[in-house]
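Commentary on secondary and tertiary structure
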Amino acid sequence: MKVLKFGGSCLRSANDIKNIKNIINEEAKTSPLVVVLSAFQEITNQLEICGISALNPSSGFKPGLNDIENFHLSLAKELFPVAGQSEIIARIKVMINEIEDICTGISFLKEFTPKTKDSLIQYGELLSSAIISEYLSLDLSNIAYTDARLILVSDENFGKANPDLKLSFKKIRKYLKDSDKTHIIPGFIASTNNGTASTLGREGSDYTAAIIASALKAKRFEKWTNVDGIMTADPKLVKNASPVKKLSYNEAMELAHFGAKVIYPPTLHTVFENRIPVIIRNAFKPENQGTKIHAGLNDKRPTVIGLSNIPQIALLTLYGSGMIGIPGISQRLFGALAEKKVNIVFITQASSEHSITIGINQSELKPAKKAISEEFSMEMEVGKIHEPEVEQDQSIIAIVGDRMKKSTGLAGKAFSTLGKNGVNIRSIAQGSSERNISMVVHKNDLKKAMNVLHERFFLSGTKQLHLFLIGTGNVGSALLQQIDEQKEYLKQQHSIILNLTGAANSKKMLFKKEGISIHSWKHDLDKNGEKMNPSDFLKKAISLNLRNSIFIDETASERIIPLYQLFLKSSFNVVTSNKIAASSAYDRYRKLIETARAKNVKFLYETNVGAGLPLIKTIHDLINSGDKITGFQAVLSGSLNFILNSFNEKLPFSKTVQKAVEEGFTEPDPRIDLSGTDVKRKLLILARECGYQLEMENIESLPFVPESCFSSTKEAFIEKLSKQDAYFENIRKTAVQSKKRLRYVADFKPGKATVGLQNVNETHPFYVLDGKDNILLLYTQRYEEQPMVIKGAGAGAEVTASGVFADIMRIAIG
């Protein structure tokens, strides 16, 4: 014998009824069946609304009742041939008339008691089971309809009646003894000993099916719904949630207690106690196996089997010195709440006994506070116990798995993952069975928390990062192109997905939670973007509250720098090629570093110096391994090196600068390069990374471009340079004649830092430095006589973008 239960989610239309007929036919081939049916979707709610409306003469119940009647009649007309409709239509009309009589009584008496409500809403299941049993009988001869009120006996706790299992089992076995029949039974309803209709409360149809399965010692209980089974997380919150193939009874109970809505433990306890397997199946995908809940699972399953959540709870913390060492405090607290029918869903107590924190449904907050205040009024009057602290708008997340008790470090992984994403854990509890770790977070962080935990425990390392990019010029565009070219490789080889969630240029900004297409970002930004404002960009990005978020600055703008601190405080990683932040006042620079460390996020700016060359990373590696940097010499401007290598008697200095600007080798404003400011910033950043406290004014600059060229706009700068071409050509010739080459050198030793133009001879490491190359000579305690040399292309959109990309990947993989 198998018991099949079909919920309202798969009973919405005539096509759905035809679908479950096919399922029943298929299932009946292998085993006798009992089929339990819920009401059609939303009908129970509509019946209750009719009852409520009956109390209000101005609105009345008849419009709603007409809708219910028309819906059921339309099903009958669609399912049954014209010649065979009269009988089922007559049954429907009889029940509609009975509903009308009840509503009329409510209207006259002006009361809608739980008892009356049960007598009204029972018709949802009575109507659905009548229509479906008659429809199945058209083609099947072995269909038998049994009224659940004949076989289920309950107490008079109307609205949530408690079945008399012993008596109900006896009746079930009597009425359903004919195993050759397929029995169709309305769920949810029962009757009292005197024959009054009652209902079994939330998920009552599940309870009906579970009781019948237990009474008949069924081989299995199949619950048919509209999902593929119990999921690893709520798919409304986590789109990558997937079905769990197998669960133990305990795991199912834990998940369900914390919000997994596919099953409701109080309705299933009888099948769990009788070790009857429960299968959750999708009526619209019957080929899928669904989730099987049963005993005898092995130890080869995942440690964490699922995540569950309760979205809207309040925390109450009772505390005071009068609680310490006093027996019975917990008993009094829980007793007072039970008396007010307040359900406690979360408990944690400090080992000092100074406080107890409980979680309850937020809707029960008012009676809970009243119950506590009344119970502990005497202690509160003398100050031994304080009024409970209340925190609203919280959510519980539960991590569940039988094998968690055999795993070490699991809680640490969860807390670390949440911490890196800026999710504050308000309270923690773990049962003695160790199959559940529960955490309370603010409801605004629920979706982010569920997704990062799901990535951590279920996606085999798959990680989605959300990128927020300001600056779509040469470097920004090159970065997006590189991400696009590499996306499949990252997904296949590293299980990493990079999602461009926000993008902005100087004029417009655009956000898409599901991701901006990298193929069409320019068009989308231009067509759909709103006016760019840095503070609005910040607010919008933070308000999305997405996991694994990275802010990327590919501008050279001072206006963007104040956003860094705010993004870091909001648990965003920050990646930038903009040198202004790391070369600003030392205190500001250190605050950014310290904020990133405090928030457990990354502030990365490798491309500030050397574009894609790993200069900063190498310095950090040396220091972290115990070495000490004693000084460095460097050519740090790829743009200046390109200019100094390229200009000659045929291509004057001003034309070479113009070419460098056009090819993207310089800053957007070339005066920053030619003034030496860019190199000063780079020297300052490297010195700071080496562990030295330095400011811009501590660096001596030896200018080689006449000051008169800078007293103009950047547009007029090239023109003024052209008037100095003879001057620059003279400098070049002097160097050539002495068999030397021009290099703009940054030189640092503790206590002395300079930047300026130098002539280097052919024995110097800087002599052979082609195109836009950079070079760094690092002197350390370990590299004292022969410096460590790092050399390569140090300018250009492509190499700078690749360095930014590398920083993003350090965050992704790290």
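Since the model is a prediction, treat every value here as computed from it, not as a measurement. (Residues numbered from 1 in each chain as written. Predicted model: local features only at pLDDT ≥ 70, side-chain atom pairs only at ≥ 80, totals over all residues. Heavy atoms only, no water.)

In this section: helix H19 (residues 562-569). Those residues of H19 not exposed but buried are Leu563, Tyr564, Gln565, Phe567 and Leu568. Of the residues flanking the end of H19, it is Ser571, one or two places downstream, whose phi is positive at about 65 degrees. (Buried < 20%, exposed > 50% of the residue type's maximum accessible area, 1.4 Å probe, protein only. Helix = DSSP H or I, 4+ residues; strand = E, 2+ residues; numbered from the N terminus.)

Applying the stated criterion across every chain, the model contains 35 salt bridges. For Asp147, the salt bridge identified is with Arg149, shortest N-O distance 2.7 Å. Between Glu222 and Arg220 there is a salt bridge; the shortest N-O distance is 3.2 Å. Connected through shared salt-bridge partners, Lys2, Glu27, Arg220, Glu222 and Arg281 make up one network. (Salt bridge = Lys/Arg side-chain N within 4 Å of Asp/Glu carboxyl O.)

Another aspect to go through is helix H5 (residues 114-121). Where H5 is concerned, the buried positions are Asp118, Ser119, Leu120 and Ile121. Contact partners of the buried residues in H5: helix H2 (43-54), helix H4 (86-109), helix H6 (123-137) and strand S6 (197-199). (Contact = heavy atoms within 4.5 Å.)

Attention now moves to the packing of helix H11 (residues 329-339) against helix H12 (residues 365-375). As a packed pair, H11 and H12 sit with axes 9 Å apart at the nearest point and diverge in direction by 135 degrees. With respect to H12, the axis of H11 lies oblique. In this structure, H11 meets H12 at a crossing whose hand is right-handed. Contacts from Arg332, Leu333, Ala336 and Leu337 in H11 reach Ala368, Ala371, Ile372 and Glu375 in H12. Along the lines of polarity and charge, the residues of the contact of H11 with H12 split into six nonpolar, no polar and two charged. (Axes fitted to C-alpha atoms, helices over the stretch in contact; angles between N-to-C directions. Parallel < 35°, antiparallel > 145°, perpendicular 65-115°, else oblique. Left-handed = near helix turned anticlockwise from the far one by under 90°. Nonpolar A, V, L, I, M, F, W, Y, C, P; charged D, E, K, R; others polar.)

Attention shifts here to the sheet that holds strand S23 (residues 603-604). Here seven strands make up an open sheet; going across it, the order is S20-S19-S18-S17-S21-S22-S23 and the pairing mixed. Each edge of the open sheet is held by one strand with a lone partner, namely strand S20 (530-531) and S23. Inspection of the sheet shows strand S22 (residues 573-576) paired to S23 by two bridges, in the parallel sense. Following the sheet pairing, Val575 is matched in S23 by Leu604. Against the sheet, helix H16 (residues 474-494) makes contact with strand S17 (463-470), strand S18 (496-504) and strand S21 (549-553), and its axis sits at roughly 155 degrees relative to S18, the strand it touches most. (Pairing = 2+ DSSP bridges.)

Glancing now at the sheet that holds strand S2 (residues 33-37). The mixed open sheet is built from eight strands, whose spatial order is S3-S4-S2-S1-S7-S9-S10-S8. Every other strand in the sheet has two partners, leaving strand S3 (143-145) and strand S8 (246-247) as the edge strands with one partner each. Bridge analysis of strand S1 (residues 2-6) against strand S7 (residues 220-225) gives five bridges, and the strand direction is parallel. Note on S7: the bridge partner recorded for Val3 is Phe221.

Per-residue confidence for the protein chain averages 92 on the pLDDT scale, and 98% of its residues sit at or above 70. Per-element averaging of pLDDT across the protein chain places helix H10 (residues 265-273) at the bottom with 80 and S22 at the top with 98. (pLDDT = per-residue confidence, 0-100.)

Following the criterion strictly, the structure yields zero disulfides and no others. Note on Cys50: no disulfide assigned, nearest cysteine sulfur contributed by Cys103 at a separation of 5.2 Å. Relative accessible area serves as the criterion here: at 2%, Cys50 is assigned to the buried category. The class of Cys103 is buried, set by a relative accessible area of 0%. (Disulfide = S-S within 2.5 Å.)

Moving on to the packing of aromatic side chains. Per the stated rule, a full pass over the model turns up 23 aromatic pairs. On the basis of an interplanar angle of 45 degrees and a centroid distance of 4.8 Å, the ring pair of Phe603 and Tyr605 is categorised as tilted. Taken individually, Phe603 and Tyr605 each receive the classification buried, so the pair is uniform in this respect. For the ring pair Phe632 and Phe748, a centre distance of 5.3 Å and an interplane angle of 25 degrees mean the geometry is stacked. Of this pair, Phe632 sits in strand S24 (residues 629-635) while Phe748 sits in strand S26 (residues 741-749), placing them 116 residues apart in sequence. As far as burial versus exposure is concerned, Phe632 and Phe748 are alike and both buried. Three or more aromatic residues joined by ring pairs make a cluster, and in this case those are Phe468, Phe511, Phe537, Phe551, Tyr564, Phe567, Phe572, Phe603 and Tyr605. Above the ring of Tyr135, the side-chain terminus of Lys21 is found at 4.9 Å from the ring centroid. A cation over a ring is seen here: Arg91 above Tyr145, with NZ or CZ 5.7 Å from the ring centre. (Phe/Tyr/Trp six-rings, centres within 6.5 Å; stacked < 30°, edge-to-face > 60°. Lys NZ or Arg CZ within 6 Å of the ring centre and 35° of its normal.)

We now examine unusual backbone geometry. The backbone phi angle of Asp393 is positive, close to 60 degrees, even though this residue is not glycine. Position of Asp393 among the secondary structure elements: in strand S14 (residues 389-400).

Among the surface-exposed residues, Lys166, Lys170, Lys174 and Lys177 lie close enough to one another that they form a single positively charged patch. For Lys177, the position within the fold is in the loop between helix H7 (165-175) and strand S4 (182-186). (Patch = residues over 30% accessible without salt bridge, like charges linked within 9 Å, V, L, I, M, F, W, Y side chains within 5 Å. Areas by Shrake-Rupley, 256 points an atom, 1.4 Å probe, with all protein chains shown as cover. Lys, Arg positive; Asp, Glu negative; His and termini not counted. Charge placed at Lys NZ, Arg CZ, Asp CG, Glu CD.)

So, on to the nonpolar core. Core analysis: the largest hydrophobic core is formed by 94 residues, its most contacted members being Phe6, Ile212, Phe221 and Ile293. Looking at this core element by element, the count peaks at nine residues for H4. Residues contacting Phe221, with those up to four places away along its chain left out, are Val3, Lys5, Asp206, Ala209, Ala210, Ala213, Leu268, Val271, Ile276, Pro277, Val278 and Ile279. Counting residues in hydrophobic clusters, the runner-up holds 82 residues, among them Phe572, Ile593, Ile616 and Ile629. (Core = buried A, V, L, I, M, F, W, Y, C linked by side-chain atoms within 4.5 Å.)

Here the focus is the environment of Lys166. Looking at the element boundaries, Lys166 is found in helix H7. Spatially, the C-alpha atoms of Lys166 and Val153 are 9.3 Å apart, while their sequence positions differ by 13 residues.

Both faces of the sheet carry side chains from a regular strand, because those side chains alternate between them. Sheet topology note: the S18/strand S19 (residues 508-511) ladder contains three bridges and is antiparallel. Across the sheet, Ala504 pairs through a bridge with Met509, a residue of S19. Linking S18 back to S19 in an antiparallel pair, the connection comprises three residues. Two strands pair when backbone bridges link them, and S19 and S20 are joined in this way by two bridges, in the antiparallel orientation. For Met509, the partnering residue across the bridge sits in S20 and is Glu530.

Turning our eyes to something else, we now look at the packing of H7 against helix H8 (residues 204-215). Running from N to C, H7 and H8 cross one another at 70 degrees; their axes reach a closest spacing of 9 Å. In terms of orientation, H7 and H8 fall into the roughly perpendicular class. Counting all contacts with H7, which are made through Leu165, Phe169, Ile172 and Arg173, the residues of H8 involved are Ile211, Ile212, Ser214 and Ala215. Here the contact of H7 with H8 is composed, by residue class, of six nonpolar, one polar and one charged.

Position of Ser133 relative to the elements: it lies in helix H6. Classification of Ser133 as buried rests on a relative accessible area of 4%. A distance of 2.8 Å separates the side chain of Ser133 from the backbone oxygen of Ser129, its partner in a polar contact. At 3.1 Å, the side chain of Ser133 forms a polar contact with the backbone oxygen of Ala130. Sequence-distant contacts of Ser133, defined by excluding residues within four places in its chain, comprise Ile143, Tyr145 and Ile184. (Polar contact = N/O pair within 3.5 Å; in protein donor to acceptor, adjacent residues only side chain to side chain.)

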